[in-house]
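Inside the fold
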Amino acid sequence: MPKELFVDPQVMRKADRLRVPEIPVHAYATPLAEERQRYGDKTLIRVLRDMMMVREFETMLASFKAQGAYAGIEFVYKGPAHLSIGQEGAAVGSALALKPDDHIFGSHRSHGEFIAKGLSAIAGLEPAALAAIMEGHQGGAMLRSVEKILGGDNETEVAETFLLLGLLAEIFMRASGFNGGMGGSMHAFFLPFGAYPNNAIVGGSAGIATGAAMRKRLGGDGGITVAYSGDGSTGCGPVWEAMNFSSMAQLKGLWPEEHRGGLPVLFCFNNNFYAMGGQTIGETAGWDRLSRIGAGINPDAMHAETVDGTNPLAVADAVARKRALLVEGAGPALLDVECYRATGHSTSDANAYRSRDEIKAWTAHDPIALYAASLKEAGILDDTVEAALAEGVAARVRMVTAAAVDPAIAAPVDIRANPTLIGELMFSNTAIALPPEPVGTFNDPASTSRVRQLAKKARHGIDENGGLHSPMRAVTIRDALFETLLHHFTHDESLIGYGEECREWGGAFGVYRGLSDILPYDRLFNAPISEAAIVATAIGYAMEGGRAVVELMYTDFIGRAGDEIFNQMAKWQSMSAGMLKLPVVLRCSIGSKYGAQHSQDWSGLVAHIPGLKVVYPSTPYDAKGLLASALAGNDPVIFFESQRLYDATEMFHEGGVPEDYYQVPIGVPDVKREGTDVTILTLGPSLYAAVGAAETLAAEHGVSAEIIDARSLVPFDYETVLKSVRKTGRILLVSEASERGSFLMTLAADIGRYAHGDLTAPPQVLGSPNWIVPGAEMESTYFPQAQDIIDIVCCELIPEKNTDYRGLRGWDGLDLSRRGI
Amino acid sequence: MDVPIVMPQLGVDIEEAQIDEWLKAEGDAVEEGEQVVIVTTPKVTLELEAPASGVLKSIAIPADEIAKVGTTLGIIETE
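Residues numbered from 1 in each chain as written. Chains lettered and ligands numbered in written order. Predicted model: local features only at pLDDT ≥ 70, side-chain atom pairs only at ≥ 80, totals over all residues. Heavy atoms only, no water.

At the junction of Gly331(A) and Pro332(A), the peptide bond is cis and its omega measures out at 0° in the coordinates. Its location among the elements puts Pro332(A) in the loop between α13 (312–328) and β10 (333–338). Between Val714(A) and Pro715(A) the backbone carries a cis peptide bond, its omega angle lying at -10°. In this fold, Pro715(A) is placed in the loop between β20 (712–714) and α27 (719–728). In this structure, Asp64(B) is a non-glycine residue whose phi angle is positive, near 75°. Mapping Asp64(B) onto the fold places it in the loop between β6 (54–59) and β7 (66–68). Asp64(B) sits in the buried class, given a relative accessible area of 19%. (Helix = DSSP H or I, 4+ residues; strand = E, 2+ residues; numbered from the N terminus. Buried < 20%, exposed > 50% of the residue type's maximum accessible area, 1.4 Å probe, protein only.)

What follows is the structure, given as structure tokens:
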């Protein structure tokens, strides 16, 4: 909301009529003679060969699924097979127009997209570059295998066989697959050929490809990104969010001139007319022609066109024209590539939803047969050459298949030899080192009032008289986070940040305040209210080599980015067998005052999903240091912040919050107060309730409480806690998340398991009750208070104190559970 | 007549705020409703408007200082 953008009532209230550009449908009419001039006969024949390759590959998988055998090779393939038979013209046609450094992000029906892009890249790369790529994959092991089975050294043949074997070994989840067997059929990718991750979630690639395009623009890498998905994905909200994000007006207006322009992303819908069991045209969508949706996004209608995916040259023509627009900065673009799926959604599809007549009608529009016929008619191809091509393709796929099922060449992943192998792939646990001096282009931070104000603030929250400083006079958590953000933004040029109110507003809770005076638009910007796109684009940005810190205003909005957090951010490092790094920090504030949809602590929800580091600091010292670790690290981190604690000043760390940059390691709890009788392990703002309780316990009950702040959820080093329990023999865990299924329950169960010999009583858990968070007036009856802590310590953990519940929680937990509350 | 520019109550739990910048110097003419001083609470930055037209006679709390709610930040002398 920059003030220079004036919402002029004179303009906004004026009568007008919107004009939507015409959207071409099957406008391609280039004579083949012209295409011969454009591509040459050799390439035109390669297009046919590539389509045949895709079909034979898919036919092989179909054969394994249906008969357990292909070309005399017996094999039980247990995984999925979402085949693209009938859609080869779309895949090969679009790949023909792409350069090796264009990056595709595939759909779940991606074998064809992958093979076509790989073959196109092989044709476009220099032999030396190809050799280096193959040598660089798994130390050249796959290349050696290919050379052995081929018995020849024709560079192109070697590279093509390498491509097919790497893919098939991956589909069969073999250790030598392109992704170490961790991706499989729907997630196979190979970055050096420009084939970026495919996505098993319908439409999942849209936001990721958009973020990757943003990195291409900012990182100056060149090329475009392509988000492949099916027609069914037009029903997915995140796809719309991504299209809107890629065409934000600020990209062409407010961003610095050198990076200005719509994002270079092509939304390529391979429209096979079916979305699982639903039929988009006539049943589950209303667009009639998919390309129409471009008109809803921007005045260019995303340069949308409907293209005949039956004809690879029509597709290549359209993709080439869109590519040129994208490179110029006129993006995004949309193509509706109609390509009928000849076989089922998957091999378990009985085709109950379509008639035999329809399937038969489309066999007369088979892309391979039609294209071959057109080449023959033009005298480019004859029956002999066609037969030789088909024979060569079949021989190649058979050779690759034989190799892929041979454990000597493609060994299965040996989990028994290393039971934690998959676990080891979750995090790289690596980090970047920041340079000592600032780098990049930004305004002098010292010129901003925020930085001047910070320089005058006390670093400790307790004043010289033992009282508390006001948040105007001492460094708060809000300030501590700002200091780390500022340091990273000014020492790491690859870092960008965005959220729904990050610039002039300064973040809904003032963390960013002042940063928009320092950083240009392409480093810090206001994102649309599109939580899914915010997270997905950050993932794509990171996949493409950048680093991102993005924000969801409230933790309660995680639901809006559920797939992006749970299936994308959490999964890609391990699904790539560690080949991808995802340095993304997602800041989520945990709210207060606003009731049920704005005050929930969902830290346990994300901690439950393998693949995310999860942090929840409660003091300025920890917030500053943990954010530094998160931003420097190369693993995805969910960083929780409590809105009630933004004004908290440092009360625990001796010397207060250091002015200089430092890191606090993620995963290590911290003792905030030493004691001997009972351990209170807190997460989030409950730390402060525990401090209040500890003072009363000492003064009125003679109980010495040791308080440990968990600080992190994942990873979590139990040593500090176990050491404390060995001393106290009793432990109470406190947080503000509702108890059922909460992270405290995991901690309590683990502590019971690992420390049972040291415990004189079972671990006790005090969370919020299992009902909605009430509004501000009732919050103190909901979130655990000091009195609730005292009650549990004195009634349950040290029963010899013989006191009664004075707070509200003397209820019958078993009865509540029986009733689901 | 002297009209004080007073640090307003910017939120129920806000006790004080910092003067970020005076947009007018002492002796400058100001119009009622014109922005004269930028203040910052822990959370937000706000521009305070002149309560009257006249001349900014004096600045009581200079930039970068902290002022409690209700404090006189400066005086406008009206004609």
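Glancing now at the side chain of Thr41(B). The residue Thr41(B) is located in the loop between β4 (35–40) and β5 (45–49) in this model. Owing to a relative accessible area of 3%, Thr41(B) belongs among the buried residues under this scheme.

Residues and elements named next belong to chain A. Here strand β22 (residues 764–768) lies mainly inside the structure; four of its five residues are buried. Note that strand β21 (residues 731–738) and β22 share four bridges and pair parallel. Note on β22: the bridge partner recorded for Ser738 is Ser768. In this view, the connection linking β21 to its parallel neighbour β22 by way of helix α28 (residues 743–754) has right-handed handedness. (Pairing = 2+ DSSP bridges. Right-handed = clockwise from strand over helix to strand, strands pointing away.)

Let us look at the sheet that holds strand β19 (residues 705–709) of chain A. Adjacent strands of a sheet form backbone hydrogen bonds with each other and so pair up, either parallel or antiparallel. All names here are of chain A. What the five strands build is an open sheet, ordered β17-β19-β18-β21-β22; its pairing is mixed. Two strands lie at the open edges of the sheet, namely β17 (670–673) and β22, each paired on one side alone. Pairs of neighbouring strands in the sheet enclose a mean axial angle of 25°, with direction left out of account. Relative to β19, β17 is paired through three bridges, and the arrangement is antiparallel. Residue Val671 lies in a different strand from β19, and its bridge partner there is Ile708. Across the sheet, helix α26 (residues 686–701) is in contact with β17, β18 (678–682), β19 and β21; its angle to β19 comes to roughly 170°. Running over the sheet, α28 touches β18, β21 and β22 and is turned about 160° from β21. (Axes fitted to C-alpha atoms, helices over the stretch in contact; angles between N-to-C directions. Contact = heavy atoms within 4.5 Å.)

Time to look at the packing of aromatic side chains. Residues and elements named next belong to chain A. Scanning the entire structure with this criterion turns up 33 aromatic pairs over all chains. With a centroid separation of 6.0 Å and 80° between ring planes, the pair formed by Phe64 and Phe172 is classed as edge-to-face. Of this pair, Phe64 sits in helix α3 (residues 41–67) while Phe172 sits in the loop between α8 (155–171) and β4 (195–196); the two residues are 108 residues apart in sequence, bridging distant segments of the chain. As far as burial versus exposure is concerned, Phe64 and Phe172 are alike and both buried. A centroid spacing of 5.3 Å and a plane angle of 75° characterise the contact between Tyr782 and Phe783, whose relative ring orientation is edge-to-face. Like Tyr782, the residue Phe783 is buried in the burial classification. Here the aromatic cluster, defined as three or more aromatic residues joined through ring pairs, consists of Phe64, Tyr70, Phe75, Tyr77 and Phe172. Arg450 extends its terminal NZ or CZ atom over the ring of Phe482, reaching a point 4.2 Å from the ring centre. If you follow Arg503 out to its NZ or CZ, it ends over the ring of Tyr521, 4.0 Å from the centre. (Phe/Tyr/Trp six-rings, centres within 6.5 Å; stacked < 30°, edge-to-face > 60°. Lys NZ or Arg CZ within 6 Å of the ring centre and 35° of its normal.)

Okay, the domain arrangement of chain A next. When its domains are assigned, chain A resolves into domain 1 (33–406), domain 2 (445–645) and domain 3 (670–818). The distance between the C-alpha centroids of domain 1 of chain A and domain 3 of chain A comes to 54 Å. (Domains from an automatic or database assignment.)

What follows concerns the pattern of salt bridges. All names here are of chain A. Taken as a whole and judged by the stated rule, the model has 50 salt bridges over all chains. Put simply, Lys322 and Glu305 hold a salt bridge, and the shortest N to O gap is 2.7 Å. In this pair, Lys322 is assigned in helix α13 and Glu305 in strand β9 (residues 305–308), connecting sequence segments 17 residues apart. Each member of the pair, Lys322 as well as Glu305, carries the same accessibility label: buried. (Salt bridge = Lys/Arg side-chain N within 4 Å of Asp/Glu carboxyl O.)

The next point concerns the environment of Val714(A). With respect to the helices, strands and loops of the structure, Val714(A) is situated in strand β20. Ignoring sequence-local partners within four residues, the contact set of Val714(A) consists of Phe427(A), Ala607(A), Leu612(A), Lys613(A), Val614(A) and Ile666(A).

Okay, a nonpolar patch on the surface next. Residues and elements named next belong to chain A. A grouping of Trp771, Leu808, Trp811 and Ile821 is seen on the molecular surface, where their side chains present a nonpolar patch of about 370 Å² in accessible area. Turning to its location among the elements, Trp811 is positioned in the loop between α29 (786–797) and α30 (813–818). For Trp811, a relative accessible area of 34% puts it in the partly exposed group. (Patch = residues over 30% accessible without salt bridge, like charges linked within 9 Å, V, L, I, M, F, W, Y side chains within 5 Å. Areas by Shrake-Rupley, 256 points an atom, 1.4 Å probe, with all protein chains shown as cover.)

All names here are of chain A. All told, the structure shown has six cavities of 30 Å³ or more when counted by the stated rule. As a volume, the largest cavity reaches approximately 70 Å³. Looking at the largest cavity, it is lined by 15 residues, and the ones nearest its centre are Phe509, Glu551, Arg587, Ser589 and Tyr646. Of all elements in the fold, only β13 (547–552) and β14 (584–590) reach the threshold of two or more residues within the lining of the largest cavity. (1 Å grid on protein atoms, 1.4 Å probe; cavity = no way out; pocket = protein on both sides within 12 Å on 5 of 7 lines; lining within 4 Å. Points joined across faces, edges and corners; volume = space filled by probe spheres on them.)

Residue and element names in this part refer to chain A. By size, the foremost hydrophobic cluster in this structure holds 88 residues, and its most contacted members are Met214, Tyr498, Ile565 and Leu681. No other element matches helix α21 (residues 531–543), which puts nine residues into this core. In this structure, Leu681 is in contact with Ile708, Asp709, Ala710, Phe716, Val721, Ile731, Leu732, Leu733, Val734, Leu747 and Ile751, ignoring residues within four places of it in sequence. Counting 86 residues, the second-largest nonpolar core is a separate cluster that includes Met51, Val54, Tyr77 and Tyr228. (Core = buried A, V, L, I, M, F, W, Y, C linked by side-chain atoms within 4.5 Å.)

Here the focus is the environment of Arg289(A). Residues and elements named next belong to chain A. Mapping Arg289 onto the fold places it in the loop between α12 (280–284) and β9. Classification of Arg289 as partly exposed rests on a relative accessible area of 29%. Measuring from C-alpha to C-alpha, the distance between Arg289 and Glu338 comes to 9.8 Å, with 49 residues separating the pair along the chain. Apart from the residues within four sequence positions on either side, Arg289 is in contact with Val25, His26, Thr306, Asp336 and Glu338.

A separate point is the interface of chain B and chain A. Listed per partner, the contact involves 14 residues of chain B and 15 residues of chain A. Contact between chain B and chain A buries roughly 1,300 Å² in total, counting both sides, with carbon and sulfur atoms accounting for 45%. Broken down residue by residue, the surface that chain B buries against chain A is led by Pro42(B), Lys43(B) and Asp64(B), which jointly contribute 42%. Summed over the shared surface of chain B and chain A, the number is three salt bridges. Put simply, Arg473(A) and Glu16(B) hold a salt bridge, and the shortest N to O gap is 2.9 Å. When residues of the side of chain B that touches chain A are traced back to their parent elements, those giving at least two are β2 (16–22) and β5 of chain B. Looking at the side of chain B that touches chain A, the element that brings in the most residues is β2(B), giving four residues. Residues belonging to the side of chain B that touches chain A are distributed by class as follows: four nonpolar, four polar and six charged. (Buried area = accessible area lost by both parts, 1.4 Å probe. Nonpolar A, V, L, I, M, F, W, Y, C, P; charged D, E, K, R; others polar.)

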